[in-house]
Amino acid sequence: MLRFFIISLVCILYIPLVSANDALSQRTQKSKMVVKQFMGQLKGELQNAMKSGGPSNAIDVCNKTAPLIAKNLSDKYGWKVARTSLKTRNAANAPDVWEAKVLNMFEERKSKGEDVKSMAYSEAIEVKGRKYFRFMKAIPTGEVCLKCHGNNVAPELTAKIKEIYPDDQATGFELGDIRGAFTIIQPW
Ligand code: HEC
């Protein structure tokens, strides 16, 4: 009888724990899928713009198309979908406290040898009594990114960037650096 009681108790305590974990991993999977769409669409647009008019033309893609893709995905899923970074070009992309904490954690994980490509983090949080799911996925700096975010950005590009973003901090990145992260907030 006592054994039965203990087993029941373990089950009762364990099941909500397992289902909470399941919910977290389901939301994580779906967020990864949405981030993939974001990345795919942006990469496509960026590559086309670079081919047709060079980096100067592609600045408009980053300036207008990236926020538009983010907005469309946010509207489609009813979440907030965006990009952020510890060193932003557009101050509107600056991280909040939670995002800055995760970006710093990503830097630490990278310094311990973790692959940036698959680096992600999910958490269920509570703000003013409401529960939210938050997700971030690191964005590695690739070769093509260096043209606008690297150490040797062409002077005419720098001029155009400075014109639109006088407070630009997003240069000096090297291949493989964490350029920033995709960030998602969902109401639970
Ligand atoms: C043609 C120039 C250009 C190229 C190439 C480029 N970016 Fe950007 N990037 C920009 C501009 C302009 C912004 C500001 C967009 C905005 O206003 O939201 C930006 C913003 C970002 C942001 C949002 C955070 C911030 O700094 O405001 C991330 C993350 C980012 N870029 C990553 C990348 C990655 C990764 C690559 C390579 C795959 C890349 N960029 C290639 C010009 C570029």
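Up top is the structure.
Residues numbered from 1 in each chain as written. Predicted model: local features only at pLDDT ≥ 70, side-chain atom pairs only at ≥ 80, totals over all residues. Heavy atoms only, no water.

1. Topic: unusual backbone geometry
For clarity, the threshold we go by: Each helix is a run of H or I in the DSSP string that is no shorter than four residues. Each strand is a run of E no shorter than two, and both are numbered from the N terminus.
One non-glycine residue, K128, lies in positive phi territory at about 50°. Mapped onto the elements of the fold, K128 is located in the loop between strand 2 (120–127) and strand 3 (130–140).

2. Observations regarding the coordination of the iron atom of the ligand
Rules: With water excluded from the atoms, a metal site may look incomplete; its donors are any N, O or S atoms within 2.8 Å, or within 3.2 Å for Na, K and Ca.
In this structure the iron atom of the ligand is ligated by exactly one protein donor, H149 (NE2), at 2.1 Å. Here H149 is to be found in helix 3 (residues 146–149).

3. Quick look at the site of the ligand
Where we set the bar: We call a residue near a molecule or strand whenever a single non-hydrogen atom of that residue lies within 4 Å of it. Two N or O atoms count as a polar contact when they lie within 3.5 Å, although within protein this holds only if one can serve as hydrogen donor and the other as acceptor, and sequence-adjacent residues are included solely when both atoms are side-chain atoms. For cavity detection a 1 Å grid was placed over the protein atoms alone, and a set of points counts as a cavity when a 1.4 Å probe fits there but cannot get out; an open set counts as a pocket when protein lies on both sides within 12 Å along at least five of seven lines, with lining residues being those that have an atom within 4 Å of a point. Those molecules having more than half of their atoms within 2 Å of a cavity or pocket grid point set are described as sitting in that cavity or pocket. Gly falls in the polar group here, along with every residue not listed as nonpolar (Ala, Val, Leu, Ile, Met, Phe, Trp, Tyr, Cys, Pro) or charged (Asp, Glu, Lys, Arg).
In the vicinity of the ligand lie 22 residues, with C145, C148, H149, Y165 and R179 positioned nearest. Side-chain polar atom of R83 to a nitrogen atom of the ligand: 3.5 Å apart, as the coordinates give it. Measuring from an oxygen atom of the ligand, one finds a side-chain N or O atom of R179 at 2.5 Å. Because more than half of its atoms lie within 2 Å of the grid, the ligand is assigned to the largest pocket. For the shell around the ligand, the secondary-structure elements that each account for two or more residues are helix 1 (2–77), strand 3 and helix 3. For the shell around the ligand, the class distribution of residues is 14 nonpolar, 4 polar and 4 charged.

4. Focus on the layout of surface pockets
The cut-off we apply is this: Grid points are joined across faces, edges and corners, and a volume is the space filled by probe spheres set on the points.
Of the pockets and cavities examined, the largest pocket occupies roughly 1100 Å³. In this structure, the largest pocket is lined by 43 residues; those nearest its centre are L42, R83, I139, H149 and R179. When residues of the lining of the largest pocket are traced back to their parent elements, those giving at least two are helix 1, strand 1 (80–84), strand 3, helix 3 and strand 4 (178–187). Classifying every residue of the lining of the largest pocket by side-chain character gives 25 nonpolar, 11 polar and 7 charged.

5. Overview of the sheet that holds strand 2
The pairing of strands in a sheet comes from backbone hydrogen bonds and takes either a parallel or an antiparallel form. For clarity, the cut-off: When DSSP finds at least two bridges between two strands, those strands are taken to pair. Interaxial angle, 0 to 180 degrees, is taken between N-to-C directions of lines fitted to C-alpha atoms, where a helix line uses only the stretch in contact.
Pairing in this open sheet of 4 strands is antiparallel, and the strands run 1-4-3-2 from one edge to the other. Looking along the sheet, the strands with just one partner apiece sit at the ends: strand 1 and strand 2. Averaged over neighbouring strand pairs, the angle between their axes works out to 20° when direction is ignored. Sheet analysis places strand 1 next to strand 4, joined by 5 bridges and oriented antiparallel. Within strand 4, the residue paired with K80 across the bridge is I185.

These figures capture arrangement, not role.
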